Amino acid sequence: MFFSEIPGLEDVKKILINSVTTNHSAHAIMFLGKSGSANLTLALAYATFINCEDKKGEDSCGVCPSCVKMNKFIHPDFHFLMPTPGKIDGDAEQAKLLADWRLFLLSNTYSDHTAWGQALGAENKQLGIKIDEARKLVASLTLKAFEGEYKIALIWLPEFMNNAAANMLLKTLEEPSEKTIFLLVCNDIEKVIVTIQSRCQPIYIRDFEDHEILAYLEKKGIDKPIAQKATYIGNGNLQEALDFVQKGGTSENHIAQFRDWMRLCFN
Ligand SMILES: [Zn+2]
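Report follows, based on the coordinates.

Conventions and cut-offs
- Residues numbered from 1 in each chain as written.
- Predicted model: local features only at pLDDT ≥ 70, side-chain atom pairs only at ≥ 80, totals over all residues.
- Heavy atoms only, no water.
- Disulfide = S-S within 2.5 Å.
- Buried < 20%, exposed > 50% of the residue type's maximum accessible area, 1.4 Å probe, protein only.
- Donors = N, O, S within 2.8 Å, 3.2 Å for Na, K, Ca; no water.
- Tetrahedral: all angles 85-135°; square planar, octahedral: opposite > 155°, others 65-115°.
- Helix = DSSP H or I, 4+ residues; strand = E, 2+ residues; numbered from the N terminus.
- Expected span 1.5 Å × (residues − 1).
- Arc of directions from axis to C-beta.
- Contact = heavy atoms within 4.5 Å.
- 1 Å grid on protein atoms, 1.4 Å probe; cavity = no way out; pocket = protein on both sides within 12 Å on 5 of 7 lines; lining within 4 Å.
- Points joined across faces, edges and corners; volume = space filled by probe spheres on them.
- Nonpolar A, V, L, I, M, F, W, Y, C, P; charged D, E, K, R; others polar.
- Pairing = 2+ DSSP bridges.
- Right-handed = clockwise from strand over helix to strand, strands pointing away.

Topic: the state of the cysteines
Next up, step 1: Inspection of every chain in the model, using the stated rule, returns zero disulfides.
Next up, step 2: Free of any disulfide, C186 has its nearest cysteine sulfur in C200, 9.4 Å distant.
Next up, step 3: Taking the relative accessible area as the measure of exposure, C186 reaches 0% and is therefore buried.

Describing the coordination of the zinc ion
A metal bound by six donors in octahedral fashion has ideal angles of 90 or 180 degrees, whereas one bound by four tetrahedral donors has an ideal angle of 109.5 degrees.
Next up, step 1: Every protein donor of the zinc ion is accounted for by C52 (SG), C61 (SG), C64 (SG) and C67 (SG), and the metal-donor separations fall at 2.3 Å.
Next up, step 2: The coordination sphere of the zinc ion comprises four donor atoms, whose angles at the metal cover 103 to 123°; the geometry is tetrahedral.
Next up, step 3: Spacing between the donor residues of the zinc ion along their common chain follows C-x8-C-x2-C-x2-C. Like C64, C61 is buried.

Quick word on helix α4 (residues 90-107)
Next up, step 1: With 18 residues, α4 ought to run about 26 Å at 1.5 Å a step, and its terminal C-alpha atoms sit 26 Å apart, in line with that.
Next up, step 2: Of the positions making up α4, those classed as buried are L97, D100, W101, F104 and L105. All buried residues of α4 lie within an arc of 135° about the axis, which places them on one face of the element. Across α4 from its buried face, at more than 90 degrees, point the exposed residues D91, A92, K96, L103, L106 and S107.
Next up, step 3: Contacts made by the buried residues of α4 are with α2 (39-51), β2 (78-81), α5 (113-119) and β3 (151-156).

A look at empty space enclosed by the protein
Leftover empty space is mapped by rolling, across the atoms, a probe with the size of a water molecule.
Next up, step 1: What the rule picks out here adds up to one cavity of 30 Å³ or more.
Next up, step 2: Reported here for the largest cavity is a volume of approximately 50 Å³.
Next up, step 3: Every residue along the wall of the largest cavity is listed here: S35, G36, S37, N39, L40, T109, Y110, S111, W156, V185 and N187.
Next up, step 4: Looking at the lining of the largest cavity, its residues break down into four nonpolar, seven polar and no charged.

Some remarks on the pairing of β3
Both faces of the sheet carry side chains from a regular strand, because those side chains alternate between them.
Next up, step 1: Most of β3 sits out of view: six of its six residues are buried.
Next up, step 2: Burial along β3 is two-sided: the residues K151, A153 and I155 and I152, L154 and W156 are all buried.
Next up, step 3: Relative to β3, β2 is paired through four bridges, and the arrangement is parallel. Residue pairing for β3: F78 is matched across the bridge by I152.
Next up, step 4: Pairing analysis gives six bridges linking β3 to strand β4 (residues 180-186), with the strands arranged parallel. Bridge assignment links I155 to a residue of β4, and that residue is L184.
Next up, step 5: Taken together, β3, helix α7 (residues 163-174) and β4 constitute a β-α-β crossover, and its handedness is right-handed.

Printed below as a string of C-alpha cells:
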C-alpha cells in the first residue's frame, strides 16, 4: 500500500512519514477513524513504508522485496490480529483465516467488520478477539525478525478484544521487544479497554471530504455521474461509496438518498 493511493489526509501522512524518516516512530500507535475512513489503509501504508528497503522520499518504492511481500500481506515480519467468529483450531484453520484475511485486504482496505464477517461466511456469528489469538500474536513477536528491520503487529479493531485478550497483550504492548511496532486500527475508541488505549499514541483520522472520494473514484475509472452519486451517498465513508458503485449505482436501499441528491442538484 502506498500513501499516494490514499486520497487527501496530507497532514496525517506527513506526521507518519516524518516519524519514520527521523527515527521517532512510537512503538504503539492507535489509528482512530470511523468506519469507511482511511485508518486501516494508512496503517498498511505506514507499515509498508517502515520496512521499505528503498524509500522514495515520501512513499515506499513498491518494488523492493519487502514492499512486494508487504503489498501481498505475506511478509514474515508483518503479523495480524483481527476479530474472528470463534477459536481458530490448528494450523489448517489458521492458514485458511490468513488466506481469507489477505483476500479481504486485497479487495478493499476501507471495509468494516460486517464485510469481514461476510467474507468469512460468518454473517450471523459474533466476532471477537480472544485470548488464544492474542497469545499467538505475542508468541510470534518473541521471534527474531526474519527479513525486515522491524516486526510489525497490526491489530484490526481492538474494540473486539475481550479483557483476557487485552491483558495478554498489555505487557508486550508496554514493553515490546526491540524493533517491534504495534499498529492498532480502531473504529470505536469508546469500546477499547482503557489500559490498551493508554499505551498507544493516538492518531486521529477524519472522514474523507467529498472531493477526495470523488477524485478517488474517478481515478479508479468510475464514470463521473456514478462517482458523484456514490460520493453523495458515501458522505465521508469511502466504503459506502464503493459499495454503491459495486452495486451498479442503483442500490434500492439508496433510492431515497438518491432522490434527495437529485433534488439537491435541481436546486
Ligand atoms: Zn520498498
